[in-house]
Amino acid sequence: MTAKIIFKTSLAALFLIFSCTLLQAQDQKFRISGKVIDEDLQVPLEYATISITDVNNSKKVIGDVTNDKGKFSIKVAPGTYTIEVDFISYEKKTFKNKTINGNLNIGTIPMGISSNNLDEVVVRAETTQVDVRLDKKIYNIGKDLTTSGGTVTDALSNVPSVSVDVEGAISLRGNENVRILINGKPSAMAGFGSTDVLKQLPADAIEKVEVISSPSARYDAEGTAGIINIILRKESTLGFNGSVNLVGGDPTNASANVNLNYRTDKYNLFTTTGYRYNKAPGNAFFETNYNEIRDDSYIEDLLFDYNVEDRDMDRERKNFNTNIGIEYYLSEMSSVTGSIFYRNSDKEDLTTNVSDYRLDGVDQLGTTRKELEKEKDNTYQFSLNYINKFNDKGHQLTADLQFSRDEEDQPTFISEDIRFNNTDISDIFIPREQVSSNEEKKEYLAQADYVLPLGKDSQFEAGYRGTFENQLTNYVLQQETPEGNLLINNTQSNVFDYTQNVNALYSQFGSKFGDFSFLLGLRLESTKLKGKIDSELTEAELQEEFGFSIDTDFDKDYLGLFPTVNLTYELAENENITLGYNRRINRPNGWFLNPFPSRSSRINIFQGNPNLDPAYSNAFDLGYLKRWEKLTLNASVYYQKEKDAFQRVQDEVTISGSVDDETPENPTGEGNNFSVFRRLPVNLSTNKRIGGELGILYNPLKWLRLNGSFNFFQFDINGEFEGVDYSQKNTSYFARFSSKVSLPWKIDWQTNAFYMGPQDEIQGDREGMLSINVALSKDILNDNATISVNAQDLFNSRKFTGNTVTKASSQYSEFQWRQRQINLSFIYRFNQQKNQQRKQRTPNTGDDGDMEGGF
C-alpha cells in the first residue's frame, strides 16, 4: 500500500514537472541583439529599423529601432525568422532563416549608402531640413554658406518664421516677444533678457534650431510669440576629432574658432572656443519738424522749429568665448555632463551726432556731439546635467543645475561742440557729461523632468523648473557746471535692484490612436517680481520729474495656469495636419521697469515703467505638411489674442537737464530743464494677431536646391494712453528665398534674399526693407577643408526707414545698424567627413523622450 502511494505520488510529481517544463518552453523567449553602424564613418546609426518575420507565419512581424548607440535587443519565441535591418538612404541588410533556440547576438552590422541615394545624402547634409512634430518645427542647420564666419544672429535670420531686424532684435512671425533657449534651457549664452550676445557666438556652433510656435507644457510659459530653442553641436564619433575655422573680412572682421571633441566608451570631452575682433560701422538720420516754434531745448533761449541729426556709429568689438565640458557615462543608460561657459567682451563705441537747428528755414545753430561708450563684460556659467534612462523605451529621469553670473562696466564720456552759431546768444554753454553704469546679474536654475511611457503609444511626463534672477544696476550721471566742475545729477543717478523668481510645475500626457496623436499639458507658474529704487528723489519728486506715479519698492506676485493642447492627424505617410493651443505670458524685464532714462541723444531717451504688469495671450495654430520625393510643403495659419500688451509710446516731456554749482542764489545747484522725446513702454492695449505662413523646400535637380517662405500677418491694437487713442489695424509680411547651386570642381554658389514688408506703427509707419546675401565655396585638401567667400547685405540696403507723428511734431528717421560685410573663411576638419551622418547623440535639450518625437 505504501509502495503504491509512493509510486502514484512520484508519477504525479513527474507529470507536474513535465507540464511546467512544457508550459515554460511554450512561454520561453530568447533575445536577438546587435549594433548598427555607418560602414564608412564607423558611427552608430540611431533609429535604424529592425524587422523580424516568422518564416512560418509571414503576418507575424516584430519590430523595433536602434537606440542612440546604434544598439537593439528584441525578445522572440523559439522558431525560424528572417531579420531585416533598414535605414533611410542605406542598403538594407537581410539575415534569412535564422533558427532561434537560444540568445543570438548578430554583432556589429555595417551599413553602406545606397547607390540610388548618394545625392540625397549630400542634400541632407548641406541644406536646412525641416522635421515637424506635435508642437514644433525642427530645422537642421546645414551648410549655409552665407553665414560662414557669421554669428548665431546671422544663422537665425535664415530660419523660416524667424526675422532679425537691423538692430539684431529677433521676431517670430513678426512678434518680438519670443523666448530664446540654448539646449532647452535659459542660458547666459543667449543673454539675460537681451539678444546682443548672440551676435558674439559663432554660427558654426549650431546643430539645429527648434521653432516652437505652440510650446507644450514642458517649456516655459514666457514668450507670447513662442520659443526658439538653439541646439549646439557635440560630436559622438569615437576618438579625437574637430574643426578649425578662420575668418577675415571687410569692414574689419577677424575670428578664429575651434571645435574639439574626444570620446571614449566612458567619457566625452568637448569644447568650442573662439576669439573675434571686428568693427561694425553704422549710421542713423533723424529729421524733425515741429508744429510750433520751440524754446525749450537743452540749449537755453534757442528758438527753432526744425532739427536734423546725422549720426555715425563706429564700433569696435573684442570677444572671447569658450564652452568646455565633459560627459561621463555612468553606465550604458545614464550619464553626467558638466560644462563651463565663459565670455569676455571688450567694446568701444564712438557715436558722432551732427545736429542742425533751423527757424523758418534759416540755420540757427550747429553742434557736434561725441559719445564714447566703453564696456567690459564678463560672463560665467556652470551647468550640471544628469540623465538616467531606465530602459530603451523612453522611460527616463533628467535633472539640471545651472548658475550664471554677468558683470558689465560701462563708462561713457559725452561732449558737444558748437560748429556754427547764427543766433544772438553769445554765451552758449553745453555741459560735458560722464556716465558710469555697472550691472551685475545672477541667475540660478534648477530643473527635473520625468518621462514614463505607458504601453506602446502613450506617455506621461511631469517636471519642475525654478529660475531665480537678480539684476543690480548702479547708474551715476555727472555733468559739467559753467565753472568747469563735474557734479552728480541726483535727479538721474540711481541704484535699481530687480529680482524675478519663477517656480513652475507641469504635467502632460500624450497618446496615439491609429493616425491620430495628441499631447495635453498643464503648467502652473508662480512669478514674483521685486524692485527697489535707491534715489535722492522721493516718490513725489519722481512723479513730478517723470510725469507718472512710481513705487520705489514694489513687490508683485502672479500665479497662473497655462494649458497646452497639441493634436496631429496623419493623412498619409508623408502628409499630416496639426492643431495647437497654448496660453502664454510676457513678463517685463528689468530694462522695461527701470524708470530712469537711458539716452541715445540729448533729446531722444528711453524710459522704463515700473508700473508694467505681465501680458497674457491665448494662441491657436493650424498646420499642414506634405512631402513629395523632391518637394516639401509646410503651411500654417495662426491666431493670437494678447491682453495688456506692451507698446512703446513716444511723447514729449520736460526733464532736468543739467546741474550747477551751489551758490547763495542757487542753493540747490539746479540747472535748466528742457523737453525731450521719450519712448515709454505701457500696458496699452488688447492686441489681436492673425496670420499665415507658407514654406517650400524643393530639390528639382542634383545640382539645384531651392527653398522659400512667406509670412503674412495682421494685428489689431485697441487701447489708449493719457487720453490719446492708439487703436490701429495693420497688415504686414516678410518673405525669404534661398537657392544653392552645385557647380563643377566642387564649387557651391548660394543666394539668400529677405524682404520685410512695410508696416504701420501706432504713431507712424515703417517702410519695406530688402536684404540679399551671396556666397561661393570650394572644397579642397581631399574634402577635409572648405574655403568660402560671402557678402552679407550685398546692396547695403538693410536699414530701417520710417515716420513718427505726435501731437507736437513729425519725424522722419533712418537707421542702419551694420553696413555691408564681406567675409573670407577657411575651415579645416580633422577625423571628420564633410557630410557626416548627424543622427548622433546631442546634448540633453530637455526633449529626450518627448511625445512630440515619439510618434
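Residues numbered from 1 in each chain as written. Predicted model: local features only at pLDDT ≥ 70, side-chain atom pairs only at ≥ 80, totals over all residues. Heavy atoms only, no water.

Trainee: Quick one: what's the story with the overall build of the protein, residue by residue and with numbers?
Mentor: When you go through the protein residue by residue, the secondary structure sums to five helices and 45 strands. For the protein, the proportion of its 855 residues judged to be buried stands at 52%. Counting contacts in the protein only where the partners sit at least 6 residues apart, residues at least 24 apart contribute 69% of the total. Put simply, the protein shows about 38100 Å² of open surface, and 53% of that area lies on carbon and sulfur atoms. (Helix = DSSP H or I, 4+ residues; strand = E, 2+ residues; numbered from the N terminus. Buried < 20%, exposed > 50% of the residue type's maximum accessible area, 1.4 Å probe, protein only. Contact = heavy atoms within 4.5 Å. Areas by Shrake-Rupley, 256 points an atom, 1.4 Å probe, with all protein chains shown as cover.)

Trainee: Tell me what's going on with the sheet that holds strand β4 (residues 71–76), and back it up with residues and numbers.
Mentor: If you trace the three strands from one edge of the open sheet to the other, you get β4-β1-β7, paired in mixed fashion. Looking at strand neighbours, the two that pair on one side only are β4 and β7 (104–111), the edges of this open sheet. Going across the sheet, the axis of each strand differs from the next one's by a mean of 20 degrees, ignoring polarity. (Pairing = 2+ DSSP bridges. Axes fitted to C-alpha atoms, helices over the stretch in contact; angles between N-to-C directions.)

Trainee: With reference to specific residues and values, describe a nonpolar patch on the surface.
Mentor: Residues Leu743, Trp749, Leu776, Ile787, Val789, Ile822 and Leu824 make up a contiguous nonpolar surface patch of roughly 580 Å² in combined accessible area. Of all the secondary structure elements, the ones that give two or more residues to the nonpolar patch are β42 (785–792) and β45 (821–830). What makes Leu743 partly exposed here is its relative accessible area of 35%. (Patch = residues over 30% accessible without salt bridge, like charges linked within 9 Å, V, L, I, M, F, W, Y side chains within 5 Å. Salt bridge = Lys/Arg side-chain N within 4 Å of Asp/Glu carboxyl O.)

Trainee: Explain the environment of Asp349 to me, and be specific about the residues and the numbers.
Mentor: As for its placement among the helices and strands, Asp349 is situated in strand β20 (residues 334–359). The spatial distance from the C-alpha of Asp349 to the C-alpha of Asp314 is 5.7 Å, given a sequence separation of 35 residues. Beyond its immediate sequence surroundings of up to four residues, Asp349 is in contact with Asp314, Arg315, Glu316, Arg317, Glu371, Leu372 and Glu373. Here Arg317 takes part through its side chain, which lies 2.5 Å from a polar atom of the side chain of Asp349. (Polar contact = N/O pair within 3.5 Å; in protein donor to acceptor, adjacent residues only side chain to side chain.)

Trainee: Tell me about a negative patch on the surface, residues and numbers included.
Mentor: Residues Asp295, Glu300, Asp301 and Asp427 make up a contiguous surface patch of negative charge. The residue Asp295 is located in the loop between β18 (282–294) and β19 (304–331) in this model. Judged by relative accessible area, which is 54%, Asp295 ranks as exposed. (Lys, Arg positive; Asp, Glu negative; His and termini not counted. Charge placed at Lys NZ, Arg CZ, Asp CG, Glu CD.)

Trainee: So what's going on with the nonpolar core? Residues and values would help.
Mentor: Of all hydrophobic cores here, the largest spans 38 residues; its most connected members are Leu684 and Phe721. It is strand β35 (residues 704–721) that provides the largest number of residues to this core, a total of four residues. Leaving out residues up to four positions away in the same chain, Leu684 has contacts with Ala645, Gln647, Ile717, Asn718, Gly719, Glu720, Phe721, Tyr726 and Ile762. (Core = buried A, V, L, I, M, F, W, Y, C linked by side-chain atoms within 4.5 Å.)

Trainee: Help me get a handle on a positive patch on the surface, residues and values and all.
Mentor: There is a patch of like positive charges on the surface, built from Lys641, Lys643, Lys688 and Lys729. As for its placement among the helices and strands, Lys688 is situated in strand β34 (residues 673–701).

Trainee: With reference to specific residues and values, describe unusual backbone geometry.
Mentor: Excluding glycine, most residues fall at negative phi; most peptide bonds, likewise, are trans. Following Asp250, the chain continues into Pro251 via a peptide bond in cis, with omega recorded as -5 degrees. Along the chain, the position of Pro251 falls in the loop between β15 (239–250) and β16 (253–263). The phi dihedral of Asp793 falls on the positive side, at around 60 degrees, and the residue is not glycine. Following the sequence through the fold, Asp793 ends up in the loop between β42 and β43 (800–805).

Trainee: Tell me what's going on with the pattern of salt bridges, and back it up with residues and numbers.
Mentor: Should their charged atoms come close, side chains of opposite charge can pair. Evaluation of the coordinates by the stated rule reveals 24 salt bridges. Put simply, Arg218 and Glu461 hold a salt bridge, and the shortest N to O gap is 2.1 Å. Here Glu461 lies in strand β24 (residues 458–480) and Arg218 lies in the loop between β13 (206–212) and β14 (226–232), a separation of 243 residues in the sequence. Here Asp613 ties to Lys556 by a salt bridge, and the two come within 3.4 Å at their closest N and O atoms. With Asp613 in the loop between β31 (604–606) and β32 (615–627) and Lys556 in strand β28 (residues 553–572), the pair connects residues that are 57 residues apart, well separated along the chain. Overall, Lys556 belongs to the buried group, its relative accessible area being 19%. Three or more residues are tied together by salt bridges with common partners; here these are Asp220, Glu222, Arg465, Arg523, Glu525 and Arg587.

Trainee: Tell me what's going on with the pairing of strand β29 (residues 575–586), and back it up with residues and numbers.
Mentor: Burial analysis of β29 places nine of its 12 residues in the buried class, the great majority of the element. Relative to β29, β28 is paired through eight bridges, and the arrangement is antiparallel. Bridging from a neighbouring strand, Thr568 pairs with Thr578 of β29. In sequence, β28 turns back onto β29 through a hairpin of two residues. The pairing of β29 with β32 spans 12 bridges and is classified as antiparallel. Bridging from a neighbouring strand, Tyr581 pairs with Phe620 of β32.

Trainee: Explain the packing of aromatic side chains to me, using residue names and the numbers behind them.
Mentor: How two aromatic rings sit relative to each other is set out by the distance from centre to centre and by the angle between their planes. Tallied over the entire structure, the rule returns 23 aromatic pairs. On the basis of an interplanar angle of 70 degrees and a centroid distance of 5.2 Å, the ring pair of Phe304 and Tyr357 is categorised as edge-to-face. Note that Phe304 is positioned in strand β19 and Tyr357 in strand β20, a separation of 53 residues in sequence. According to the relative accessible area criterion, Phe304 is buried, its value standing at 4%. Between the aromatic rings of Phe562 and Tyr616, the centroid separation amounts to 6.4 Å while the plane-to-plane angle is 15 degrees, which identifies the pairing as stacked. (Phe/Tyr/Trp six-rings, centres within 6.5 Å; stacked < 30°, edge-to-face > 60°.)

Trainee: Go over the environment of Leu704 with me, naming the residues and quoting the values.
Mentor: Relative to the elements of secondary structure, Leu704 occurs in strand β35. Considering only alpha carbons, one finds Leu704 and Leu743, 39 residues apart in sequence, at a separation of 9.3 Å. Discounting chain neighbours no more than four positions away, the residues touching Leu704 are Tyr698, Asn699, Lys740 and Val741.

Trainee: Can you explain the confidence of the model for the protein? Please cite residues and give values.
Mentor: The predicted model of the protein averages 81 in pLDDT, with 80% of residues at 70 or higher. Taking the mean pLDDT of every element in the protein, the minimum, 33, falls on helix α2 (residues 118–126) and the maximum, 94, on strand β26 (residues 494–513). A low-confidence stretch, residues 115–128 stays under pLDDT 50, and its non-local contacts, those more than four residues away or across chains, total 34 contacts. Taken as a whole, residues 661–669 scores under 50 in pLDDT and shows 12 contacts with residues more than four places along the chain or in a different chain. (pLDDT = per-residue confidence, 0-100.)

Trainee: Can you lay out the pairing of strand β44 (residues 809–816) for me, pointing to particular residues and giving the numbers?
Mentor: As paired elements, β18 and β44 share eight bridges and run antiparallel to each other. Paired with Phe285 across the two strands is Glu814, which belongs to β44. When β43 meets β44, the two strands line up antiparallel, connected through six bridges. Bridging across to β44, Phe800 finds its partner in Phe815. Hairpin connection of β43 to β44: three residues between the antiparallel strands.

Trainee: Tell me about the environment of Tyr624, and please be specific about residues and values.
Mentor: Within the element layout of this structure, Tyr624 appears in strand β32. Sequence spacing of Tyr624 and Thr578 is 46 residues, and the spatial spacing of their C-alpha atoms is 6.3 Å. Look past the residues within four positions of Tyr624 in its chain and what remains in contact with it is Leu571, Glu575, Asn576, Ile577, Leu633, Asn634 and Ala635. Side-chain polar atoms of Tyr624 contact the side chain of Glu575, separated by 2.4 Å.

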